[in-house]
Amino acid sequence: MRKKARFPGIYLGIILALMYVPILLVIIYSFNESRINSVWSGFSLRWYRDLFRDKDMLEALINSLVLATVSSLSAAVIGTLAAVGMPRVKLRGKSVVEYISTLPIMIPEIILGMVFLVYFSLIRLPFGMITLTVAHTSFCIPYIYMLVKARLVGIDKSYAEAAKDLGANEWNVFWDITLPLILPAIASGVLLSFAMSLDDVVISVFVTGVNTNTLPIRIYTQLKTGVTPKVNALSTLMFAATLLIIMLSTWFGRKTTLSVKRRNT
Amino acid sequence: MKPEALAKTGEPRPGEPTSREEGARKPTKRRDAMVLSVLPLYVFTFLFVIGPLVYMLVLSFLRRAEVWGVTLEFTFENYANILKPVYLKTFLESLKLACLTTLLVALFGYPFGYFMARQNAAWKRRIMVLLMIPFWTSSLVRLYGWIIIFRANGVLDGLLMALNITNAPLKVLYTYAAVVVGMVYALVPFMIFAVYSSAEKLDWQLVEAARDLGATPFQAFWTVSFKLTLPGLLSGIVLTFIPSMGLFFIADILGGNKVVLVGNLIQEQLMKARNWPFAAALSVVLLTLTSIMIALYRKISGVKDLEGLV
């Protein structure tokens, strides 16, 4: 063995630290008494108090949460059903449809936002929560579909066959065997798409209605026009939520690997 | 359906693989039931992915109406418009920024992914979690952090003046540099993940062997590790380049009105000028450019394989 170089560790440390600097600054100044983000004038929770009194902000938060929940769950249903069904159906052009269905996460967000805007006004879909939900569902489906598909590949077919030998029909097999096995993949897909939906600015800006705001849209307008530390407080809470989601998803991830391991022994 | 399933098990067909392939030969009833499971995806894809994309293409060939909307008149006008110097300049400007961003992202991200792959399993996991946290944090929150750093008399100015490096605020916010930093910061994780996933698969014994055979560390890296991690680097480049053409909100927030990218142009044509056919034409061109990028990547990474090494 050659002696271990010090440099890689230092490099990794510096880059990681740099990634956290902007986030930490936002958090630190959320507890600042002063209105200005570069002068520290003492610890205070006033911006959090202000935030919870801000009706518009709370409405935007509720919109965002509803939107993320509805989109990720409808994507979970569509994506899971398709991932399970696709290998079993014989339809012409199946792989083309499969490819096109993943386009929403492949093409630049701005193009997706643009095409949705013009298309929704063509088919006269009312702009607001409906258009937002359709748009968000479109980019949530690929995550779920791909995660579930990957998980299905790793599942031993003999389970399903054994069940069928014992008299189970397709539906029983899906409900009692396949679904429990792919549940961790669905769960992490839902979390991932929930996070993506909660964070989306570009597409939302295009497809939202005049009176519908989501949290990112509100923050975006504030960042453009002028911010108060209320946004710091909000950002800190969003960061906390992110941490929670990551913890949950690693937990599900660990469960996935655990169940895979168990299968192999 | 139960007796049917039983009947099937009653007649084992030797040499037949799995129930999956058999499903296709089953009575049509069951196949119909399976089709139902993919139906939602088909409907959604046709209605909300293919529909919008086709409409974008059609729209890009239509003429803009005098007052509002479009007229059903075929024209190449929108594409010809892109060639006007003003718009062409925006395209070139975007390409330039995308290239610069991608270059810097590769410069910072490649070593990170590479070094990360050389850590032991426990550290790999820790670093991965540490990477995921900022990556999953709202991009607006991170952008806001950069505003705090860059604004006049903000954190950066304060630090530089306290250290007596400068004696007047630099006012980095609303400059080209601020946009570049914001873009690199937002996109570097993609490069790291791409490089890491290919460096992780690398057989380090090959590097050791090269060293044992007398290669200097640099030679060993260049002839073995670099070539083997090239697919990761290339996919990182694609993953960085494509979004950096369209991330209009970073240019918008950190660059003020000074940096106008294709993304900003599309947004402006759509929301302010209300020239939808032109916005559609711009999108078609941008989409074509990105598709070329992906096709090129496929071609290059397909050609180069392990064979190139030996």
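The rules behind each value
Throughout this description, residue numbers start from 1 for each chain and increase along the sequence as written. Here chains are named by letter from A upward and ligands by number from 1 upward, in the order in which they appear as written. Local features in this predicted model are restricted to residues of pLDDT 70 or higher, and side-chain atom pairs are both shown and tallied only at a pLDDT of 80 or more, whereas totals for entire chains, interfaces and linings draw on every residue. Only DSSP runs of H or I with at least four residues qualify as helices, and only runs of E with at least two residues qualify as strands; both kinds are numbered from the N terminus onward. Field definition: a residue is buried when 20 or more other C-beta atoms are found within 10 Å of its C-beta, exposed when 12 or fewer are, and partly exposed for counts in between, with C-beta atoms placed from the backbone. The contact rule is simple: place each C-beta atom from the backbone, and if two of them lie within 7 Å, those residues are in contact. At least two DSSP bridges between two strands are required for those strands to pair. Put simply, Ala, Val, Leu, Ile, Met, Phe, Trp, Tyr, Cys and Pro go in the nonpolar bin, Asp, Glu, Lys and Arg in the charged bin, and everything else, Gly too, in the polar bin. Every residue is assigned a pLDDT by the predictor, reflecting its confidence on a scale from 0 to 100. Axes, fitted as lines to C-alpha atoms, cover a helix only where it is in contact. Angles between the N-to-C directions of the axes lie from 0 to 180 degrees. Geometric relationships in this document are graded by angle, where less than 35 degrees denotes roughly parallel, more than 145 denotes roughly antiparallel, 65 to 115 denotes roughly perpendicular, and other angles denote oblique. Each helix crossing is assigned a hand: it is left-handed if the near helix lies turned anticlockwise from the far helix by less than a right angle, otherwise right-handed if that turn is clockwise. To form a nonpolar core, buried Ala, Val, Leu, Ile, Met, Phe, Trp, Tyr and Cys residues must be joined through C-beta atoms within 7 Å. The split into domains, and so the bounds of each, comes from an automatic or database assignment of domains.

Student: Give me the lowdown on the overall build of chain B, citing residues and values where you can.
Tutor: Summing up its helical and strand segments, chain B has 14 helices and 2 strands in all. The buried share of chain B, reckoned over its 310 residues, is 41%. Here the contacts in chain B between residues at least 6 apart in sequence split such that 68% fall between residues at least 24 apart.

Student: Quick rundown of the overall build of chain A? Include the residues and the values.
Tutor: Regarding its fold elements, chain A presents 11 helices and 0 strands. The order of α-helices and β-strands along chain A, N terminus first, is α-α-α-α-α-α-α-α-α-α-α. For the C-alpha atoms alone, the extent of chain A along its principal axes is close to 75 × 65 × 35 Å. A total of 265 residues make up chain A; the buried ones form 42% of that total.

Student: Please give an account of the pairing of strand β2 (residues 70-74) of chain B that cites residues and values.
Tutor: Residues and elements named next belong to chain B. Among the 5 residues that make up β2, 0 are buried, leaving the element largely open to the surroundings. Pairing analysis gives 3 bridges linking strand β1 (residues 62-64) to β2, with the strands arranged antiparallel. When the bridges of β2 are listed, Arg63 appears paired with Thr71.

Student: Describe the interface of chain A and chain B, naming the residues involved and giving the relevant values.
Tutor: At the junction of the two partners, chain A supplies 71 residues and chain B supplies 80 residues. Classifying every residue of the side of chain A that touches chain B gives 51 nonpolar, 10 polar and 10 charged.

Student: Describe the confidence of the model for chain A, and please don't skip the residues or the numbers.
Tutor: Residues and elements named next belong to chain A. Summing up the model confidence of chain A, the mean pLDDT is 86 and the portion of residues at 70 or higher is 93%. Averaged pLDDT values over the elements of chain A bottom out at 72 in helix α11 (residues 229-264) and peak at 94 in helix α3 (residues 55-85). When the criterion is pLDDT under 50, residues 257-265 qualifies, and its contacts beyond four places in sequence or with other chains add up to 3 contacts.

Student: Requested: an account of the packing of helix α5 (residues 85-117) of chain B against helix α9 (residues 176-200) of chain B, with residues and values cited.
Tutor: All names here are of chain B. Put simply, α5 and α9 touch, their axes get as near as 7 Å, and they point 40° apart. Taken together, the axis directions place α5 and α9 in an arrangement best described as oblique. Seen along the crossing, α5 lies across α9 with a hand that is right-handed.

Student: Give a description of the environment of Ile15(A) that names residues and reports values.
Tutor: Secondary-structure assignment places Ile15(A) in helix α1 (residues 7-30). With 18 C-beta atoms packed within 10 Å, Ile15(A) lands in the partly exposed category. Residues Ile15(A) and Ala233(A), spaced 218 residues apart in sequence, show a C-alpha to C-alpha distance of 26 Å. The contact partners of Ile15(A), leaving out residues within four places of it in the chain, are Phe108(B) and Phe112(B).

Student: Which residues make up unusual backbone geometry, and what are the values?
Tutor: Residue and element names in this part refer to chain B. Not every positive phi belongs to a glycine, and Asn153 is a case in point at roughly 60°. As for its placement among the helices and strands, Asn153 is situated in the loop between α7 (139-150) and α8 (155-162). According to the C-beta neighbour criterion, Asn153 is partly exposed, with 15 such atoms within 10 Å.

Student: Summarise the nonpolar core; cite the residues concerned and give the values.
Tutor: In this structure, Met114(A), Phe116(A), Ile144(A) and Ile250(B) are the most contacted members of the largest nonpolar core, which totals 145 residues. Looking at this core element by element, the count peaks at 18 residues for α9(B). Counting contributing residues, this core receives three or more from each of domain 1 (2-59) and domain 2 (79-308) of chain B. Aside from chain neighbours lying at most four places away, what touches Ile250(B) is Leu143(B), Val179(B), Gly182(B), Met183(B) and Ala186(B).

Student: Describe in detail the packing of helix α10 (residues 204-212) of chain B against helix α11 (residues 217-246) of chain B, supporting the description with residues and values.
Tutor: Residue and element names in this part refer to chain B. Between α10 and α11, whose axes approach to 9 Å, the crossing angle comes to 145°. Crossing hand, α10 versus α11: right-handed. Contacts from Leu206, Val207, Ala210 and Arg211 of α10 reach α11 at Ala220, Thr223, Val224 and Ser225.

Student: Outline the environment of Ala240(A), listing residues and values.
Tutor: All names here are of chain A. Here Ala240 shows up in helix α11. Take Ala240: there are 11 C-beta atoms within 10 Å of it, and that puts it in the exposed class. Taking the C-alpha atoms as reference points, Ala240 and Cys140, separated by 100 residues in sequence, lie 22 Å from one another.

Student: Outline the confidence of the model for chain B, listing residues and values.
Tutor: Residues and elements named next belong to chain B. The predicted model of chain B has a mean per-residue pLDDT of 82, with 85% of residues at 70 or higher. Predicted confidence in chain B is weakest over helix α1 (residues 2-10), with a mean pLDDT of 39, and strongest over α5, with 93. Across residues 1-27 the pLDDT falls below 50, and counting only partners more than four positions away or on other chains, this stretch makes 22 contacts in the model. Overall, residues 303-310 carries pLDDT values under 50, and its contacts beyond four positions in sequence, including any with other chains, amount to 3 contacts.

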